[in-house]
Amino acid sequence: MSIKLSIKKNLSEKLVKNYVFFTNEDFKIIAFNKLAVSKSSKEINKTINSNDLKNKEFLSFNLNPTQRIILIKIKKNQSSLDNEKIGAKFYDYIKSNSYYKISFFEQNINEINLKSKYFFDEFILGIKLKSYIFEKYKSKKNNKNFEIELVLKTNRINFNKNKRFNSLIEGSNFTKDLVSEPGNILHPDEYAQRLKKLNKLGLKVTVYDKKKLKKMGMYALLGVGQGSVRGSYLVTIEWKGSRSKNKPLAFVGKGVCFDTGGISLKPAKFMEDMTYDMAGSAVVVGLMKNLALRKAKINAVGVVGLVENMPGGNAQRPGDIVKSYSGKTIEVLNTDAEGRLVLADALTFTEKKYKPKFIIDLATLTGAIIVSLGSEYAGLFSNDDKLSKQIIASGNKVDEKVWRMPLHKNYDKLMNSKNADMQNINYVGGAGSTTAAQFLQRFVLNKTPWAHLDIAGMAFSKYGGALNSGGATGFGVRLLNQLIEDHYE
């Protein structure tokens, strides 16, 4: 199922099946402006006046067996997020009622009290976000299309030419596509090859393979992938949208393409969901694609560590000690606490090579964050109050919410090892997400402002949310794009 969007300046001679009008809060139709449907306006208004409309957002009326009017209620001073959500709800409405070939009319939109000048773009953005579906591997695809025709009096609205909104869709959907791919297709070798193709967008992509990583001393990352027949990689994606020599913004993502847990094997039940253990990296990639497509006027870098955690004959063992890129040694007590090992090397590398303004890392890192926050908030851990407040505010704007969790030096003792500089799990128990973040903080060596987003409860949804369908959510792309727009661009 897909959305087709066309722009027309006047109504086609052959009347379409569904006419859509935006109305004020009491569903009053302000004007039909001499359209073919105007003869029915009195009858429709009579029906509206006789109904309890308090909790309704949509109304529909049959003009005849082949034509229908749909009314969408717009509340006074709706926010941009509200506009997106009503678009998403409208998608569900037309889908559930099998309404195809939709024509919107802009004639009366100026008479509704709109807070955002991008109302219609935001409305269509909501439709497009909600309508995402991944059916690449189905032999029989759902070929039903919603054709949306915008019949406009002015040139004020044109989603097809709005670079900001289209790039958000492209970036978000690219993230969702990557997360949705099965592990036998999107293994680290294939993932690295796909990222190389982003060069054509003006991004500079550099791939560090196993040989280069060994030379660099990234044994924390390499240890995770050594049980797999696939390669292990660190990939950097650079965007230079500003001529200034300002420090870049840095985004780091965990890319465990499939996580069996390694020798510390996970239970079989729900292990198939571990294809999305690379969602943190996919968010970084989708964000960088979005920035390139909209020609963002900033300098930014995305860094992703790509591995596969498998229990092969050469796999890392519980009790192994590895030396990280930072020079610090790690005792691996549980091979299923692997994401932090990948991020440890990636964080130190990013800070040392790029000296960024800040570093934000994203990872499906712990099940403990789901116990704490469920699927409503991502966990936020940070060494910087200003950056934290910015992330929280930007997340609220786009309904990608985060909740700040504690970091404290007292948690460090729970990660100290008798045999190495540290161990990769807290064997005392409790504070699983916090001790994981405390572990990561040890690899930010020069006090660079840093934030860690644990998105384990947000990257994938069985049932879908207000602005996404079930499956991969793309959580993080819009949040970070909003953060950049609000504070750094």
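Counting restarts for each chain: residues are numbered from 1 in the order of the written sequence. Confidence filtering applies because this is a predicted model: local features only for residues at pLDDT of at least 70, side-chain atom pairs given and counted only at 80 or more, and all residues used for totals across whole chains, interfaces and linings. The side-chain values count all of the structure's non-hydrogen atoms but skip hydrogen atoms and water molecules.

J.: Sorry if this is basic, but what is going on with the pattern of salt bridges here?
T.: Pairing between side chains becomes possible if they bear opposite charge and their charged atoms approach one another. The rule for a salt bridge is simple: a side-chain nitrogen of Lys or Arg has to be within 4 Å of a carboxyl oxygen of Asp or Glu. Inspection of every chain in the model, using the stated rule, returns 23 salt bridges. Residues glutamate 57 and lysine 89 are paired through a salt bridge, measuring 3.3 Å at the closest nitrogen-oxygen approach. Of the two residues, glutamate 57 is situated in the loop between helix 1 (41-49) and strand 3 (58-64) and lysine 89 in helix 2 (residues 80-96); the sequence distance between them amounts to 32 residues. Categorising residues by exposure relies on relative accessible area from a 1.4 Å probe, with only protein chains included: less than 20% of the type maximum marks a residue as buried, more than 50% marks it as exposed, and the intermediate range marks it as partly exposed. Given a relative accessible area of 26%, glutamate 57 falls into the partly exposed group. For lysine 89, a relative accessible area of 41% puts it in the partly exposed group. Sharing partners across several salt bridges, the network here consists of Lys85, Glu376, Asp399 and Lys401. The secondary structure listing takes helices from DSSP runs of H or I that are at least 4 residues long and strands from runs of E that are at least 2 residues long, numbered from the N terminus.

J.: Hey, could you run me through the sheet that holds strand 8 (residues 233-240) in this one?
T.: Picture the strands of a sheet paired through backbone hydrogen bonds; they go either parallel or antiparallel. Here the rule is simple: two strands pair whenever DSSP picks up at least two bridges between them. The eight strands lie next to each other as 7-8-10-9-13-17-14-15, forming an open sheet whose pairing is mixed. In this open sheet, the two strands that pair with only one neighbour each are strand 7 (204-208) and strand 15 (402-404). Looking at each pair of strands side by side, their axes are set apart by 20° on average, direction ignored. When strand 9 (residues 249-259) meets strand 13 (residues 358-363), the two strands line up parallel, connected through five bridges. Within the sheet, the bridge partner assigned to phenylalanine 251 lies in strand 13 and is isoleucine 360. Throughout, a contact is declared for two residues whenever any of their heavy atoms are within 4.5 Å. Axis definition: a line fitted to C-alpha atoms, over the contacting stretch in the case of helices. Angles run 0 to 180 degrees between N-to-C directions. Across the sheet, helix 5 (residues 188-196) touches strand 7, strand 8, strand 9 and strand 10 (299-309), and the angle it forms with strand 10 is around 160°. Packing of helix 11 (residues 385-397) onto the sheet brings it into contact with strand 13, strand 14 (378-382), strand 15 and strand 17 (450-454), and relative to strand 15 it is tilted by some 155°.

J.: What should I look at first to understand helix 3 (residues 119-130) in this one?
T.: What sets the pattern is the α-helix's 3.6 residues per turn: residues three or four places apart point alike. Here the expected span of a helix is defined as 1.5 Å times the quantity of residues minus one. For helix 3, spanning 12 residues, the distance from its first C-alpha to its last is 17 Å, which sits close to the expected 16 Å at 1.5 Å a residue. Within the sequence span of helix 3, burial applies to Phe119, Phe120, Asp121, Glu122, Phe123, Ile124, Leu125, Gly126, Ile127, Lys128, Leu129 and Lys130.

J.: Hey, could you run me through the nonpolar core in this one?
T.: The tendency in soluble globular proteins is for nonpolar side chains to be buried as a group. Within this scheme, the nonpolar core is defined by two criteria: the residues are buried Ala, Val, Leu, Ile, Met, Phe, Trp, Tyr or Cys, and they are joined through side-chain atoms within 4.5 Å. Among the nonpolar cores identified, the biggest contains 55 residues, and Tyr191, Leu195, Phe251, Ile360 and Ile391 are the most heavily contacted of them. Setting aside residues no more than four positions away along its own chain, isoleucine 391 makes contact with Ile360, Leu380, Val402, Ala451, Leu453, Leu479 and Leu483. Among the nonpolar cores identified, the runner-up in size contains 36 residues, and Val322, Leu347, Leu365 and Met415 belong to it.

J.: Explain the packing of aromatic side chains here, please?
T.: Pairs were defined over the aromatic rings of Phe, Tyr and Trp, the Trp ring being its six-membered one, requiring ring centres within 6.5 Å. Orientation was assigned from the angle between planes: stacked under 30 degrees, edge-to-face over 60, tilted for the rest. For the structure on display, the rule yields 19 aromatic pairs. Look at phenylalanine 358 and tyrosine 488: their rings are 5.1 Å apart centre to centre, the planes differ by 70°, and that puts the pair in the edge-to-face class. Taken together, the residues span a long stretch of sequence, with phenylalanine 358 in strand 13 and tyrosine 488 in the segment after helix 13 (477-487) at a distance of 130 residues. By relative accessible area, phenylalanine 358 is classed as buried at 2%. Residue classification places tyrosine 488 among the partly exposed residues on the basis of a relative accessible area of 23%. Of the aromatic side chains, those joined through ring pairs into one cluster are Phe22, Phe58, Phe90, Tyr93, Phe119, Phe120 and Phe123. To sit over a ring, a charge needs its Lys NZ or Arg CZ within 6 Å of the ring centre and within 35 degrees of the ring normal. Looking at arginine 164, its charged tip hangs above the ring of phenylalanine 165, at a distance of 5.0 Å from the centre. The ring centre of tyrosine 377 lies 5.3 Å from the NZ or CZ of lysine 401, which sits over that ring.

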